[in-house]
Amino acid sequence: MKPRYIIDLDRLEETAKIAKANAERLGVHLLMALKGFPLPAAFPVLLPYVEGFTASGLFESKLAKTGVFPGGVSAREKRSSPFQIQVHAPAYQADEIEELCATCTHIVFNSLSQLALYGPEVRSKGVSIGLRVNPGFSSADCLKYDPCCPDSRFGVLAEELEALDARSRERLLGLVDGFHSHALCEGYAADFADMVDKVAEKFGSFLPRLGWLNLGGGEVIDDPAFSSPGAIAAVERLKRLHAASGGAASPKFDVFIEPSEYLVRDSGFLEAHVLDVLHREKDIVVLDISASCHAADLMLFDMRPKVMEPAQAQTGKTTILGAVSCLAGDVLGEYRFAEPLKTGDTVLFGGLGCYSFAQQSWFNGIRHPDLVLRSKAEGERTVLSWDFNDYLREFYRSEQ
């Protein structure tokens, strides 16, 4: 037995349908952020429901292009396709720009200085240019994960734009086709509506000159009630604000959202196996996985993962599910099971479709889980497996 990540394609499609329906009711275009789900093997399921991918840098951009256009296409052909690849990063390096222009339909700059440095070159290549803005609003409970926290490095403040003299403003914003704003974390419909209103309040005066606005991710898009009357009204107010001045610079105005976690989270599972059981005041189980290696997001957010199998109980002795690593705090959580666990049993964790397999590491040399796609139509298919040579390459690349 080996540990495995399992992506349930049927469940992924069910969520994608809900997300697409919410986006249509809101009147926005649905993109998929790759940062938590860099899995081209699952792209065929997502492609009918999303209009593009967003990337966090060059490698993700290339992954998106390879996954969507596996046969390879020219930059001209790519840009004529309705499918979009938008990239945004805190900063870019000079040697990335040419390749980003050949890969992406949209490139978003995080600062006025990066816009000034690379904007003219990107404009000359015919790629749509965006500027990330910071509305000073977020639904995040923790400053560590709040993209709009005080002293955030993400996005340009409204005050910075307003402080520009007329000549500088026209020179820089003349390069910009759209704004990008990411402010939500576990944002429900009311949070989304508040965020949209804040973007309109802070940056409304700049909207008439724009052709598009990306409202970022963090939406709980798998909630069928996400497209609430309040959320729909907020998007409509935003569009009216653009149209109020006639949209002189850009009559067309597209609004995007780019959720990731809530599109894929519930389609992902981590299958672990019991290696040993220690019987003490609490039963302590040693699994063949590691939160540190295989679910780093759980440790970062101090989260207790859902156990889907075996069955749990409301009362009885507590069982600690621990990792096979040497890190004392590498524990998945405490649970009560209907039947005591024993060596060889399988434990299936759920809600791990996003981030977990994307953040795995080789701590302690613990073997990575296989990556498995599952559907009723095809059964199970292993799309990624690891062996010692992969581990060796990770640390001896320069000698290969």
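Above this text is the structure in question.
Reading guide: rules and limits
- Residues numbered from 1 in each chain as written.
- Predicted model: local features only at pLDDT ≥ 70, side-chain atom pairs only at ≥ 80, totals over all residues.
- Heavy atoms only, no water.
- Helix = DSSP H or I, 4+ residues; strand = E, 2+ residues; numbered from the N terminus.
- Rg over C-alpha atoms; globule rule 2.2 N^0.38 Å.
- Buried < 20%, exposed > 50% of the residue type's maximum accessible area, 1.4 Å probe, protein only.
- Contact = heavy atoms within 4.5 Å.
- Areas by Shrake-Rupley, 256 points an atom, 1.4 Å probe, with all protein chains shown as cover.
- Lys, Arg positive; Asp, Glu negative; His and termini not counted.
- Charge placed at Lys NZ, Arg CZ, Asp CG, Glu CD.
- Expected span 1.5 Å × (residues − 1).
- Arc of directions from axis to C-beta.
- Phe/Tyr/Trp six-rings, centres within 6.5 Å; stacked < 30°, edge-to-face > 60°.
- Patch = residues over 30% accessible without salt bridge, like charges linked within 9 Å, V, L, I, M, F, W, Y side chains within 5 Å.
- Salt bridge = Lys/Arg side-chain N within 4 Å of Asp/Glu carboxyl O.
- Pairing = 2+ DSSP bridges.
- 1 Å grid on protein atoms, 1.4 Å probe; cavity = no way out; pocket = protein on both sides within 12 Å on 5 of 7 lines; lining within 4 Å.
- Points joined across faces, edges and corners; volume = space filled by probe spheres on them.
- Axes fitted to C-alpha atoms, helices over the stretch in contact; angles between N-to-C directions.
- Parallel < 35°, antiparallel > 145°, perpendicular 65-115°, else oblique.
- Left-handed = near helix turned anticlockwise from the far one by under 90°.
- Nonpolar A, V, L, I, M, F, W, Y, C, P; charged D, E, K, R; others polar.

### Some thoughts on the overall build of the protein
Consideration 1: Assigned secondary structure in the protein consists of 14 helices and 19 strands.
Consideration 2: Rg of the C-alpha trace for the protein: 23 Å, near the compact-globule value of 21 Å for 400 residues, within the 12% margin.
Consideration 3: Taken along the three principal axes of its C-alpha coordinates, the protein extends 75 × 50 × 45 Å.
Consideration 4: Expressed as a percentage of the 400 residues in the protein, the buried residues total 53%.
Consideration 5: Considering only intrachain contacts with a sequence separation of at least 6, the fraction spanning at least 24 residues in the protein is 72%.
Consideration 6: Entry remark: accessible area of the protein is about 18,200 Å², with carbon and sulfur atoms responsible for 52%.
Consideration 7: Considering the protein, the positive charge centre built from 41 side chains and the negative charge centre built from 54 side chains are found 3 Å apart.

### Digging into helix α10 (residues 229-244)
Consideration 1: The terminal C-alpha atoms of α10 lie 22 Å apart, and with 16 residues this matches the ideal 22 Å at 1.5 Å per residue to within 8%.
Consideration 2: Ala-231, Ile-232, Ala-234, Val-235, Leu-238 and His-242 are the residues of α10 that are buried. Projected onto a plane normal to the axis of α10, the buried residues spread over an arc of 160° and lie on a single side. Looking at α10, the residues exposed on the side facing more than 90 degrees away from the buried face are Pro-229, Arg-240 and Ala-244.
Consideration 3: Residues of α10 that are buried in the fold lie against α1 (9-26), α9 (189-203) and β10 (212-214).

### A few points about the packing of aromatic side chains
Consideration 1: Across all of its chains, the model carries 13 aromatic pairs by this definition.
Consideration 2: Ring centres of Tyr-335 and Phe-337 lie 6.1 Å apart, and the angle between their planes is 35°; this geometry places the pair in the tilted category.
Consideration 3: Using a relative accessible area of 9% as the deciding quantity, one classes Phe-337 as buried.
Consideration 4: An aromatic cluster of at least three residues, connected via ring pairs, comprises Trp-362, Trp-386, Phe-388 and Tyr-391.

### Quick notes on a nonpolar patch on the surface
Consideration 1: A cluster of nonpolar side chains, contributed by Leu-300, Phe-301 and Met-303, occupies part of the molecular surface with about 270 Å² of accessible area.
Consideration 2: Relative to the elements of secondary structure, Met-303 occurs in the loop between α13 (296-301) and β14 (306-309).
Consideration 3: Owing to a relative accessible area of 43%, Met-303 belongs among the partly exposed residues under this scheme.

### Structural notes on the pattern of salt bridges
Consideration 1: Per the counting criterion, the structure on display carries 20 salt bridges.
Consideration 2: Its salt-bridge partner being Lys-306, residue Asp-266 comes within 3.4 Å of it at the nearest N-O pair. On the criterion of sequence distance, the pair formed by Asp-266 in the loop between α11 (261-264) and β12 (268-279) and Lys-306 in strand β14 is long-range, its members being 40 residues apart.
Consideration 3: In this structure Asp-266 comes out as partly exposed when scored by relative accessible area, which is 24%.
Consideration 4: A relative accessible area of 45% means that Lys-306 is categorised as partly exposed.
Consideration 5: Its salt-bridge partner being Asp-390, residue Arg-393 comes within 2.5 Å of it at the nearest N-O pair. Residue Arg-393 and its partner Asp-390 are both found in helix α14 (residues 388-395); the two are separated by three residues, about one turn of the helix.
Consideration 6: Within the structure, one salt-bridge network assembled from shared partners comprises Arg-4, Glu-271, Arg-374 and Glu-380.

### Focus: the pairing of strand β19 (residues 379-384)
Consideration 1: Two strands pair when backbone bridges link them, and strand β18 (residues 370-375) and β19 are joined in this way by five bridges, in the antiparallel orientation. Each residue of the ladder has a partner; that of Val-372, found in β19, is Thr-382.
Consideration 2: With antiparallel pairing between neighbouring strands as the criterion, β18 and β19 make up a hairpin whose turn holds three residues.

### Some remarks on the layout of surface pockets
Consideration 1: When its volume is computed, the second largest pocket comes out at roughly 350 Å³.
Consideration 2: Residue lining of the second largest pocket: 15 residues in total, with Pro-38, Phe-357, Ala-358, Gln-360 and Trp-386 positioned closest to the centre.

### Quick notes on the environment of Glu-60
Consideration 1: Along the polypeptide, Glu-60 turns up in helix α3 (residues 58-68).
Consideration 2: Put simply, Glu-60 and Lys-35 are 25 residues apart on the chain and 7.5 Å apart in space, counted from C-alpha to C-alpha.
Consideration 3: Not counting residues up to four positions away in its chain, the partners in contact with Glu-60 are Leu-34, Lys-35, Thr-54 and Ala-55.

### Quick notes on α9
Consideration 1: The end-to-end C-alpha separation of α9 is 21 Å, in line with the 21 Å expected for 15 residues at 1.5 Å each.
Consideration 2: Those residues of α9 that fall on the buried side of the exposure criterion are Ala-189, Phe-192, Ala-193, Met-195, Val-196, Val-199, Ala-200 and Phe-203. Looking down the long axis of α9, one finds its buried residues gathered within 165° of arc, a one-sided arrangement. Across α9 from its buried face, at more than 90 degrees, point the exposed residues Ala-190 and Glu-201.

### Notes on the packing of α9 against α10
Consideration 1: α10 packs onto α9 with a crossing angle of 15° between their chain directions and a minimal axis gap of 8 Å. Taken as axis vectors, α9 and α10 run roughly parallel relative to one another. The two elements α9 and α10 cross, and the hand of that crossing is left-handed. Packed against α9, whose contacting residues are Ala-189, Phe-192, Ala-193, Val-196, Asp-197 and Ala-200, the element α10 presents Gly-230, Ala-231, Ala-234, Val-235, Arg-237, Leu-238 and Leu-241 at the interface.
Consideration 2: Here the contact of α9 with α10 is built from residues that sort into ten nonpolar, one polar and two charged.

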